[in-house]
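These are the residues of each chain, in order.
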Amino acid sequence: MSTDRFDIDGLELVARRHPRARRCKLRYDGERDRLLLTLPPRASLKRAKSWAAGQRAWIADQRAKRAAPLPLVPGAQIPFHGEALILHHDPGASRAPRHEGDRLVIGGPAQSFSRRAEQWFKAQAAAMLAEDVARCAAMAGVEVEAIAVGNARTRWGSCSASGMLRFNWRLICAPDAVRRYVAAHEVAHRRHMDHGRAFHALEEELYGGSVEAARRQLLALGPGLQRIGR
């Protein structure tokens, strides 16, 4: 798949030809603040660029909706299980974060506050996702080699052929239903490494019903969740 790079009024435009594309498609990548243009194999690149440039009103609207960064700093309100959690710095308190009601209290030097906050969120995500995966794996009758939480920019979860499951730690910030949906989705891949009917049937069995509402919620919340800790 060939790639060309241009710009529209200073905004990066990445044009890619895809063998299965039937028409030109323009998408805004809010995480990297750029445009992604997909073209059919034989489409005119010049015409496609001209068409994309004509979408300035849509582009401006998409950029206006872009979620602002949400750093892990004192006073920030960070979603946790879908509810607001206020980050509080108390220099005299223990450096180990303490979850007290709607606050996360972190002591020690201010310069290491963000790092310790992120470590706490990652630990919470790892623990909850381990429970979700264990439950789903038992239901599916499959084995999982290990799970890990990381800082992926575009994927919420992945499953390798060896059984390694990886998740974005920001899933702990989403409502529980969203996190459980992603866990069920990745565990279902331990039996079906595709997205066919058998996969979707198992996915819903592991989730406990239709995943459509959770999937749509993740699509809506995703851009904002990805800005947490940036």
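Above this text you will find the structure in question.
On a predicted model such as this, the values are computed, not experimentally measured, just so you know. (Residues numbered from 1 in each chain as written. Predicted model: local features only at pLDDT ≥ 70, side-chain atom pairs only at ≥ 80, totals over all residues. Heavy atoms only, no water.)

So, on to the side chain of H185. Topologically, H185 is positioned in helix α4 (residues 176–188). Ignoring anything within four residues of it in the chain, the contact list for H185 reads H195, F199 and E203. (Helix = DSSP H or I, 4+ residues; strand = E, 2+ residues; numbered from the N terminus. Contact = heavy atoms within 4.5 Å.)

Let us now look at the packing of aromatic side chains. Scanning the entire structure with this criterion turns up 4 aromatic pairs. Ring centres 6.0 Å apart and planes at 75 degrees place the aromatic pair F80 and F121 in the edge-to-face group. You can see F80 sitting in strand β5 (residues 77–80) and its partner F121 sitting in helix α3 (residues 113–140), a full 41 residues away along the chain. By relative accessible area, which is 0% here, F121 ends up buried. Centroid distance W120 to F121: 5.2 Å. Interplanar angle 85 degrees. Geometry classified as edge-to-face. Per residue, the accessibility class of W120 equals that of F121, and both read buried. Here a set of aromatic residues connected by ring pairs shows up, and it is made of F80, W120, F121 and W169. Stacked on the ring of F6, the Lys or Arg K49 has its end atom at 3.9 Å from the ring centre. (Phe/Tyr/Trp six-rings, centres within 6.5 Å; stacked < 30°, edge-to-face > 60°. Buried < 20%, exposed > 50% of the residue type's maximum accessible area, 1.4 Å probe, protein only. Lys NZ or Arg CZ within 6 Å of the ring centre and 35° of its normal.)

Here we take up the sheet that holds strand β6 (residues 83–89). Ordered by their spatial adjacency, 4 strands build an open sheet running β5-β6-β8-β7, and the pairing between neighbours is mixed. In this open sheet, the two edge strands, each paired with only one partner strand, are β5 and β7 (98–100). Taking each pair of neighbouring strands and ignoring which way they run, the sheet shows an average axis angle of 35 degrees. When β5 meets β6, the two strands line up antiparallel, connected through 4 bridges. Bridging across to β6, F80 finds its partner in E83. Docked against the sheet, α3 engages β5, β6, β7 and β8 (103–106), running at close to 145 degrees with respect to β6. (Pairing = 2+ DSSP bridges. Axes fitted to C-alpha atoms, helices over the stretch in contact; angles between N-to-C directions.)

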